[in-house]
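# Summary of the model geometry
The primary structure of each chain is shown beneath.
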Amino acid sequence: FATLTYGSGTDLHRPEFSTEVDLMTDSISVGQFMGLAEGIERDSREWFWGFGPSAFPRNGRVWYPIGEGPFPLVLMMHGNHNMTDFSDAGYTYLGEHLAWHGYIFVSVDANFFNGYVTGAVGGENDARAWMLLKHLELWQDWNETTGNPFAGQVDMEQIALMGHSRG
């Protein structure tokens, strides 16, 4: 199996989603779901991440089998915790195991949905679901785009969504 990362290329804290990102993605708006009132919660998030709810990145860590596909796709979303304690890398063991057994596994980065100064934010669960749908759209596009490393490699009829806690 092999690994790569995809993301906006602008992450302020993790090079695997910025200067070392393998596949660039567009950001999406989750503002229609998340309730971030003006004040310390919104300001501290935008200061830390460098973006607000109108520009959340689609970041993912991917483990995938080497060989002829198509392969089933598994998207995993981690739970809620302090947003500065990045947990998307915590599923390496699962990504390696599933890729070894013929699955494309993605640990979806949702750290920017998590609580910080004042705890959880409103609408976060709906926004997580929206983010997963937007990741699925991305994978469908990649599967259909000649020249993409995942062109023709994804079995879009065999998809699993997994989550831990609020994931």
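Shown above is the structure to which this text applies.
To keep things clear, this report deals only with the structure shown in the data block. Every chain begins its residue count from 1, and numbering advances along the sequence as written. Local features in a predicted model are, by the rule used here, given only for residues with pLDDT of at least 70; side-chain atom pairs are given and counted only at 80 or more, and totals for whole chains, interfaces and linings are based on all residues. Excluding hydrogens and water, the side-chain values take into account all heavy atoms of the structure.

A run of H or I in DSSP counts as a helix once it spans at least four residues, and a run of E counts as a strand once it spans at least two, with each numbered from the N terminus. Expected helix span is taken as 1.5 Å per residue step, with the number of steps being one fewer than the number of residues. Between the first and last C-alpha of helix H3 (residues 124-144) there are 31 Å, a value that for 21 residues agrees with the 30 Å anticipated at 1.5 Å per step. Regarding H3, the residues found buried are Glu 124, Ala 127, Arg 128, Met 131, Leu 132, Lys 134, His 135, Leu 136, Leu 138, Trp 139, Trp 142 and Asn 143. Contacts from the buried residues of H3 go to strand E1 (2-7), strand E2 (23-24), strand E3 (60-64), strand E4 (71-77), strand E5 (104-108) and strand E6 (154-163). Think of it in three bands: with a 1.4 Å probe and only protein chains considered, a residue is buried below 20% of the maximum accessible area for its type, exposed above 50%, and partly exposed in between. The contact definition used throughout considers only heavy atoms, calling two residues in contact when any of these lie within 4.5 Å.

Considering soluble globular proteins, one finds that nonpolar side chains tend to be buried as a cluster. Think of a nonpolar core as a cluster: buried Ala, Val, Leu, Ile, Met, Phe, Trp, Tyr and Cys residues, connected wherever their side-chain atoms sit within 4.5 Å. If you look at the biggest cluster of nonpolar residues, it comprises 33 residues, and the most contacted ones within it are Val 62, Ile 104, Phe 113, Trp 139 and Phe 150. Counting residues per element, this core draws most heavily on H3, at seven residues. Discounting residues that sit within four places of it in the chain, Val 62 has contacts with Ala 2, Thr 3, Leu 4, Tyr 6, Ile 104, Phe 105, Val 106, Trp 139 and Phe 150. The next biggest cluster of nonpolar side chains, apart from the first, holds eight residues, and it includes Val 74, Tyr 91, Leu 94 and Leu 98.

It is worth spelling out the packing of aromatic side chains at this point. Aromatic contacts are taken between Phe, Tyr and Trp rings whose centres are within 6.5 Å, Trp giving its six-membered ring; a plane angle under 30 degrees counts as stacked, one over 60 as edge-to-face, and the others as tilted. Enumeration according to the criterion identifies 20 aromatic pairs in this entry. Their ring planes at 40° and their centres at 6.4 Å tell us that Phe 48 and Phe 86 sit as a pair that is tilted. Taken as a pair, Phe 48 in helix H1 (residues 40-49) and Phe 86 in the loop between E4 and helix H2 (92-100) lie far apart in primary sequence, 38 residues in all. Here Phe 48 falls in the buried class, since its relative accessible area comes to 11%.

Where side chains of opposite charge bring their charged atoms close, a pairing between them can arise. Salt bridges, as used here, are contacts in which a Lys or Arg side-chain nitrogen is within 4 Å of a carboxyl oxygen on Asp or Glu. Enumeration over the complete set of coordinates arrives at six salt bridges. With its nearest N and O atoms 2.6 Å apart, the salt bridge here joins Arg 14 to Asp 11. Asp 11 shares its class with Arg 14; the two are buried. For the salt bridge of Lys 134 with Glu 137, the shortest nitrogen-to-oxygen distance reads 3.2 Å. Taken together, the positions of Lys 134 and Glu 137, both in helix H3 and three residues apart, correspond to about one turn of that helix. The structure contains a network of salt bridges with shared partners spanning Asp 11, Arg 14, Glu 16, Arg 61, Asp 88 and Asp 109.

A sheet is described by the order of its strands in space; here six strands give the open sequence E2-E1-E3-E5-E4-E6, paired in mixed fashion. Where the open sheet ends on each side, the last strands, each with one partner, are E2 and E6. Note on pairing: two strands pair once DSSP finds at least 2 bridges between them. Sheet analysis places E3 next to E5, joined by four bridges and oriented antiparallel. Opposite Trp 63, over in E5, you have Phe 105 as the bridge partner. Axis geometry follows a simple rule: fit a line to the C-alpha atoms, using only the stretch in contact for helices, then measure angles between N-to-C directions, giving values from 0 to 180 degrees. Across the sheet, H2 touches E3, E4, E5 and E6, and the angle it forms with E3 is around 35°.

For Glu 124, the position within the fold is in helix H3. Overall, the relative accessible area of 2% leaves Glu 124 in the buried class. A C-alpha to C-alpha distance of 9.6 Å links Glu 124 and Asn 80, two positions 44 residues apart in sequence.

This part takes up the environment of Gly 7. Looking at the secondary structure, you find Gly 7 in strand E1. As a C-alpha pair, Gly 7 and Leu 133 span 126 residues in sequence and 16 Å in three-dimensional space.

The next thing to look at is the pairing of E4. If a strand is regular, its side chains alternate between the two faces of the sheet. Of all seven residues that make up E4, seven are buried, and the element is covered over most of its length. By the bridge criterion, seven bridges tie E4 to E6 in an arrangement that is parallel. The partner of Met 77 across the bridge, within E6, is Gly 163. Strand direction decides the pairing type here: E4 and E5, joined by five bridges, are parallel. Considered in E5, the bridge of Met 76 is made with Ser 107. With strands facing away from the observer, any crossover in which the path from the first strand over the helix to the second runs clockwise is taken as right-handed. Taken together, E4, H2 and E5 form a β-α-β motif whose crossover is right-handed.

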